[in-house]
Each structure stands twice: as structure tokens, then as C-alpha cells.
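Each chain, letter by letter, is given below.
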Amino acid sequence: MVHTGACIAALMGQGGSQKYGLTWKWLKYFKNDRDRRDLVTCGSAAGMAAAFRAPVGGLLFALEEMTSWWRSALLWRAFFTTAVVAIVLRALIDVCLSGKCGLFGKGGLIMFDVTSANVAYQIWDVPPVLLLAVIGGIWASLYNFLQDRVLRIYNRINERRAAYKIVLALTVSIFTSCLLFGLPWLAPCRPCPSDTSEPCPTIGRNGNYKKFQCPPGHYNDLASLFFNTNDDAIKNLFSKNTDAEFHPFSMLIFFITCFFLSIFSYGIVAPAGLFVPVIVTGAAYGRFIGMMFGSHSTLNHGLFAVLGSASFLGGSMRMTVSLCVIILELTNNLLLLPLMMLVLLISKTVADAFNGNIYDLIMRAKGFPYLERHAEPYLRQLSVSDVVTGPLQLFNGIEKVGNIVHVLKTTGHNGFPVVNERPHSAAPVLFGLVLRTHLVTLLKKKAFLQNPVPAGDDAFEQFSADDFAKKGLGHGDRVEDIQLTDEEMDMFIDLHPFCNTSPFTVVETMSLAKALMLFREVGLRHLLVIPKVSGRIPVVGIITRHDFMPEHVLSLHPSLAKSKWKRLRVKLPRGVKII
């Protein structure tokens, strides 16, 4: 749902779909980098709010995990988006509950009946909760480690032909089906409880009591978990007054199975997801811990399941505030707040000692240059000039067409400094920054000059705002598609009217950590580096987000990888490897 909401927002941000004729004129106002990022952020918040009926949780999820930078304007826009989602979702649920939608709309993660209205816990209930949080953080860090290793293997398989992807998905599917149908044979049949409010054994597709080859009046508790959807399994685990419905051995099997199946299912060519499988795995873990400490605690097993889900979510995804609000909105019980906060903070702290959160590991495996909210300690030892790599490509204020075409074809840079030299300036001066897309537009429109003279005030006559607007994803013009004659290659382009004359700049001696904070908070794509002393070339280099990546920095300065400034992680001894 988060991915779907972001995709819809990105489609709106590029003005609709021209291929299928779904375009609106008013959407052209969003065809720029800032509004597109804001729309994608609001779309992800809407997806989370719709999936869990948690509007405030969706807003905080976008704030805590999805955005690289945050503004007050984006805050109220995302808040308005999730509020509208909650209202529309409530209206559609009411329609479906009236019987007009058939089976559609009756399931889903709505409200989990966790416990009674008055949650009573004593001081001696805190040690089991602390132990649950610590062990949950360790399990979650192991989950992230194994998930990262499996995804690297899957990426090598998926890079091949489509047949390999299909075979991988079929293999995981068949293996999953064999486990789900074979493991319930290990669980013993249990007699139906006498005080249940639903039929036992269950008749139909939903219910807590699956018969699975058991005699009349009995049910198989492991089959009741396996043969339900994830939503119903979560409801069964979270439900109150069900302490005697599950056997500890069955719960242990269910936890181990969900733990490994959720790892092997993510990464195949099917939207398996991460959020809900982690909730199910954590709920099973919490239930098992509740069974172990049930005689020493006043908390029921359903509440332990909720806290177990919180520990796995906090340890795997390393979110705190948004997860706390989402779980509270799911369970509709504010009295869980103190225990929830305690579990999330402890599990996150424990897991942080081993590795990063699951989203960062996935983005690093895919090569996405995502900037962290903090600067690594070793960045404070470096200056901006320590990571600037060359050669730097410069353009004159009035540049020859052939030079522009050559630079665009031989480099992959998206921004180029423009420098004024004699006779247009007494000394070399940095005039501004011009983007690759603007240069391609100038070449496509053939805004050429016969002589290297300023274009004048009529430079924009053959252009409109749409010519320089943000193009749709994957539909930008390429310089290779532009046909130019030899005569046109010898002509000139005046770049002055099309430059950003006030680009962000930093001195080459600035700390790299400070530059990272500036780059991230302002939401930049290019940061120009200027020399500290005059008399040199007016610009030393350009920094992009790739230059802040740990892989790039440590490749240039490998000695920092072993220094004491490297971020502290608990590492296994040499020779001890899991995979």
C-alpha cells in the first residue's frame, strides 16, 4: 500500500500519463523536483494510513522513514492527505459492511481486540517485558542480517533472464505450501473450549478453530494459524481471553516458520511485503514469551503478542514514534502506551548495536544513495575537498555547441558550473549552474548563435515553461537523439539566461559532516565547492549525494574503516560466519 500510494503520487507529479491519455492541465504545476517529492511523501503516508486505518501513524511513518527532509508545509499537506484517506476509508467500510460488496471489504487490518479496557499491570510485570524487548531486538537484528544476505543472493538470480525469476518464485511458493500443510501434523488435537463464542471446529474460511483431521469436538491450533490470512492470524494472536487456545510447542513452530518464511519470501517477483510478516512473527514470539512467563505475570498472552510485535518492528525497522502510534491506533488502547514505548526504545537500542535497519540494508543492496539523518563520526575528520573527485567539467558563459554535445555524451553529470572568462569578465568568475536537462532542451530547440555574443532579452521567445518542466519518469530527451549538422556544431549558445545564478556553495575546507547536514536539510542535488583563496579557478568541484555515501568515502580513505571513529557495532569474531 505504501508503494501503491507513492506510485500514484509520482504519476500525478509528472502530469498524468500521456501514453494512455490520462493528463490534466492543472497537474503541470507539480512538474518540478520539490512538489514531486512532496507528492510521493504524501502518497506513502496515504498508503500506510489506508493499510492500517492509522492516519496519524501514516503521517509519522512518512516523517520518520520516507523523507530525507521535512518542512512545515509538507507536514500539513501529509496531515490533510491522511485525514481524507481516513474519511473515505470509513465511508467505504460502512458500505461494504452493509453487504453490498460481498466478501470484499470484510477483512483487512481494522481493529484488533487486544485486551480489556482496563489494562492492569504491576511493577513485577516490567522485568518480563524488558527481557522480551532485549531478546526481540537480538532476533530482529538477526532477521535483518539474514534478510540482507538472502536479498543479495536473490538479486544475482533476478539479474538473469525472466525464467530464473519465475523458477525462484515457484520454488519458494511450493516450499511454503509444503510447510504450511505438513507442519500442522506435528501439533496434537486439542478439545474445543466450552465458553467460545464461535463454532468449534470452524466452518468456513475464517475462524480460530480449524479441524484439520481432528475428531469431532477438537481442533488443531497450529492449523488455525497457518490456514488463515495474516490478518486473521494477527487477530487470533492479539485477541484477549485466549491464553489456553494455543500450545507452547505449536507457537514455537509457528514463530520459527514465520521467521524464516518471511525472510525467503521477500525479494521474489511477488509483493510479499515486510511490515505485516514482521508483525505476525513478532506476535508469535510475544505469545511464546507470554506462555513462558504467564504464571509470573498479570499480563495476558494477547498483550504479550502486541509487545512482541512492537519489539520485532522496533528492532527490524528502527522506528519508534510512528510504530508506537500505528500499533496504538490498531489496538485502540491508549493504556498500552508506557509498555509500548519501553519495548520500542529497548529493542531499537539493542538492534542498533548489531546492524542498520532493514530499509537501509535493502537500499544499500540496491545501490540507492539514501542519506542518513545523522553524520557518521569519521566524516568530522574530513573536509569537503577530501571527497571531491575529478575531472571537473566547466562551461563558459557563451559556449560552443560542439563542446556541449561532447561533454554531454562523454559524461553522466547532471549539473555543470558556468564560468565567465575574458572578455566577459576581468577574471574568471563563477556565474551559476546549468542542468543537463536544460542543455538538452537548448540543443533540441536549436537556440544557437552565429557569433559568441550575448543573446539579449529575446532569449526566451522560443521557449515556454513546459519546455523546462520536470519530464515524466523515463521519458526525458537524450542528446543522442538530437541530429545536428557540422555547421550547427560550430555555432554558440548563450547559457547566461538559463543558469541558476545563486547555487549553494561551500568552501573547500568545510567539514564534510556539516556539508552533509546542509545538503540533506535543504534538499539539494548539487553542491558547488569553491576555493578558500582567490587567484585560483572559481570552482573546485561539485558534490552530489553519491559523494556522501560511506562506500565512496571509505574507498577514498580506507584507513578510516579501522579507526576508532568508525561507528560502533558489535561484530562476530573472525571465522564465525552464519552465511
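Quick notes on the rules
- Residues numbered from 1 in each chain as written.
- Predicted model: local features only at pLDDT ≥ 70, side-chain atom pairs only at ≥ 80, totals over all residues.
- Heavy atoms only, no water.
- UniProt positions renumbered as here; feature names shortened; annotations may be inferred.
- Axes fitted to C-alpha atoms, helices over the stretch in contact; angles between N-to-C directions.
- Helix = DSSP H or I, 4+ residues; strand = E, 2+ residues; numbered from the N terminus.
- Parallel < 35°, antiparallel > 145°, perpendicular 65-115°, else oblique.
- Left-handed = near helix turned anticlockwise from the far one by under 90°.
- Contact = heavy atoms within 4.5 Å.
- Pairing = 2+ DSSP bridges.
- Disulfide = S-S within 2.5 Å.
- Patch = residues over 30% accessible without salt bridge, like charges linked within 9 Å, V, L, I, M, F, W, Y side chains within 5 Å.
- Areas by Shrake-Rupley, 256 points an atom, 1.4 Å probe, with all protein chains shown as cover.
- Salt bridge = Lys/Arg side-chain N within 4 Å of Asp/Glu carboxyl O.
- Buried < 20%, exposed > 50% of the residue type's maximum accessible area, 1.4 Å probe, protein only.
- Phe/Tyr/Trp six-rings, centres within 6.5 Å; stacked < 30°, edge-to-face > 60°.
- Lys NZ or Arg CZ within 6 Å of the ring centre and 35° of its normal.

In the annotation of an unreviewed UniProt entry, the entry for the protein chain reads Chloride channel protein, and the organism field reads Solanum stoloniferum. Annotation of the protein chain in UniProt includes, under Subcellular location (unreviewed entry), the sentence "Membrane".

At their nearest, the axes of helix α2 (residues 33-52) and helix α3 (residues 55-66) sit 8 Å apart, and the two run at 135° to each other. By the angle class used here, α2 and α3 are oblique. The hand of the α2/α3 crossing is right-handed. Residues T41, S44, A45, M48 and A49 of α2 pack against P55, G58, L59, F61, A62 and M66 of α3.

For the rest of this paragraph, the subject is the UniProt feature "transmembrane region" (unreviewed entry) in the protein chain. Per the UniProt record, "transmembrane region" (unreviewed entry) is found at residues 39-62, 74-92, 104-123, 129-146, 166-187, 249-282, 303-328 and 334-354. Secondary structure within residues 39-62 divides into 92% helix and 0% strand; the distance between the first and last C-alpha atoms comes to 11 Å. Secondary structure over residues 129-146 splits into 100% helix and 0% strand, and the C-alpha atoms at its two ends are 25 Å apart.

Before going further, it helps to spend a moment on the sheet that holds strand β10 (residues 505-507). Across the sheet, three strands lie side by side as β10-β11-β12; this open sheet has mixed pairing. Every other strand in the sheet has two partners, leaving β10 and β12 (541-543) as the edge strands with one partner each. The mean angle between the axes of side-by-side strands here comes to 35°, regardless of whether they run parallel or antiparallel. Summarising the sheet, strand β11 (residues 527-530) and β12 pair through three bridges and their orientation is antiparallel. For L528, the partnering residue across the bridge sits in β12 and is I542.

Time to look at the state of the cysteines. On inspection of all chains with the given rule, the structure shows one disulfide. There is a disulfide in this structure between C189 and C214, and the S-S distance comes to 2.1 Å. Between C189 and C214, the S-S torsion sits near -90°, and that sign places the bridge as left-handed. One end of the pair, C189, is in the loop between α6 (162-182) and β3 (190-191); the other, C214, is in the loop between β3 and β4 (218-219), with 25 residues separating them in the sequence.

A surface patch of nonpolar side chains, about 520 Å² in accessible area, is lined by W76, F80, V84, V88 and L92. Within the secondary structure, V88 is located in helix α4 (residues 72-100). Judged by its relative accessible area of 44%, V88 falls in the partly exposed class.

Now for the packing of aromatic side chains. Across all of its chains, the model carries 17 aromatic pairs by this definition. The interplanar angle of 50° and the centroid separation of 5.2 Å between the aromatic rings of F52 and F275 together place this pair among those described as tilted. Of the two residues, F52 is situated in helix α2 and F275 in helix α10 (residues 275-292); the sequence distance between them amounts to 223 residues. Centre to centre, the rings of F181 and F227 are 5.3 Å apart; their planes meet at 40°, and the pair counts as tilted. In this pair, F181 is assigned in helix α6 and F227 in the loop between α7 (221-226) and α8 (230-238), connecting sequence segments 46 residues apart. Take F181: its relative accessible area is 54%, and that puts it in the exposed class. Put simply, the rings of W139, Y143, F255, F259, F260, Y285 and F312 pair up and form one aromatic cluster. Lying over the aromatic face of Y164, R160 brings its terminal NZ or CZ to 5.4 Å of the ring centre.

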